[in-house]
Amino acid sequence: MAGRRVAVKAIDWVSFAERIPANQRSMFNSLKTRSDAISAKLTSLPQSPAVIDWAFYRTTVARPGMVDEFEKKFKALQIPEAADTQTSAINAQEVESLSKLNNMTPFDQMTIEDLNDTFPETKLDKVKYPYWPHKPIADL
């Protein structure tokens, strides 16, 4: 069953909870509750779907050949699994980010120029906004 393969990775909720700010604790609890409910639903499902008793339907359905036609179509049905196209891109982005963070100058040794080069979003635009805080009030 596809759902079983999806739920292989376990979430370390304790370490996740340590990183959640106090003002987002209710959203975290809601996420955990929802995740636990989905996980419980997945584990309650059988490993394989129930077997259809075609002989029973042949004796019950009045129209001859209808059950045979349904059985043939049911056995021919192939449901494709979704291809995982994002995991490799996410892993590559994670490796790139980690290598950038591991290779950067430590914060206590950085100059303001190093900080602006490493994190361009921290650079203040003193030409466009000549007065302090050197950025639009809406961005503060």
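Every chain is numbered independently, its residues counted from 1 as its sequence is written. Reporting of local features is limited, given that this is a predicted model, to residues whose pLDDT is at least 70; pairs of side-chain atoms are given and counted only at 80 or more, and all residues count toward the totals for whole chains, interfaces and linings. Hydrogens and waters are ignored; side-chain quantities use all the structure's heavy atoms.

**Brief notes about the overall build of the protein**
Condition: Helix numbers and strand numbers start at the N terminus; a helix is a DSSP run of H or I with at least 4 residues, a strand a run of E with at least 2. All radius of gyration figures rest on C-alpha atoms, and the globule criterion is 2.2 Å times the number of residues raised to 0.38. Classification of residues uses two cut-offs on accessible area relative to the type maximum, computed with a 1.4 Å probe and protein chains only: under 20% is buried, over 50% is exposed, and between them is partly exposed. A contact between two residues is defined here by any heavy atoms of the two lying within 4.5 Å. Note on areas: these come from Shrake-Rupley sampling with a 1.4 Å probe, and a residue is covered only by the protein chains present in the view.
A count of helical and extended segments in the protein gives seven helices and zero strands. When the helices and strands of the protein are placed in sequence order, the string is α-α-α-α-α-α-α. Against the 2.2 N^0.38 benchmark of 14 Å for 140 residues, the protein shows a C-alpha radius of gyration of 28 Å, more extended than a compact globule. Based on the C-alpha atoms only, the size of the protein along its principal axes is roughly 85 × 35 × 30 Å. The buried share among the 140 residues of the protein stands at 11%. For the protein, the share of sequence-separated contacts (at least 6 apart) that also reach a separation of at least 24 residues comes to 24%. Taken as a whole, the protein presents about 12500 Å² of accessible surface, with 60% of it coming from carbon and sulfur.

**What to know about unusual backbone geometry**
Residues other than glycine predominantly adopt negative phi, and peptide bonds predominantly adopt the trans conformation. Cis geometry marks the peptide bond from Trp132 to Pro133, where omega comes out at 15 degrees. Position of Pro133 among the secondary structure elements: in the segment after α7 (112–118).

**Observations concerning the pattern of salt bridges**
As a reminder of what qualifies: Salt bridge, as used here: a side-chain nitrogen of Lys or Arg that lies within 4 Å of a carboxyl oxygen of Asp or Glu.
Under the defined criterion, the tally for this structure stands at five salt bridges. Among the ionic pairs, Asp36 bridges to Lys32, the shortest N-O distance being 2.8 Å. Residue Asp36 and its partner Lys32 are both found in helix α3 (residues 25–44); the two are separated by four residues, about one turn of the helix. Its salt-bridge partner being Lys75, residue Glu71 comes within 3.1 Å of it at the nearest N-O pair. Here Lys75 and Glu71 lie together in helix α5 (residues 66–76), a separation of four residues that amounts to about one turn.

**Overview of the side chain of Thr118**
Selection criterion: In the analysis that follows, any N or O atom pair within 3.5 Å is treated as a polar contact, provided that within protein one partner can donate a hydrogen and the other can accept it, and provided that, for residues neighboring in sequence, both atoms belong to side chains.
With respect to the helices and strands, the residue Thr118 is situated in helix α7. Side-chain polar atoms of Thr118 contact the backbone oxygen of Asp114, separated by 2.8 Å. Other than its neighbours up to four places away in sequence, Thr118 contacts Lys100, Met104 and Met110.

**Comments concerning a nonpolar patch on the surface**
Heads up, the rule is: Surface patches are defined over residues having more than 30% relative accessible area and no salt bridge, joining like charges when they lie within 9 Å and nonpolar side chains (Val, Leu, Ile, Met, Phe, Trp, Tyr) when within 5 Å.
Together, Ile52, Phe56, Tyr57, Val61, Phe74, Leu77 and Ile79 make up a nonpolar patch on the protein surface, roughly 670 Å² of accessible area in all. Note that Val61 resides in the loop between α4 (54–60) and α5. Residue classification places Val61 among the partly exposed residues on the basis of a relative accessible area of 30%.

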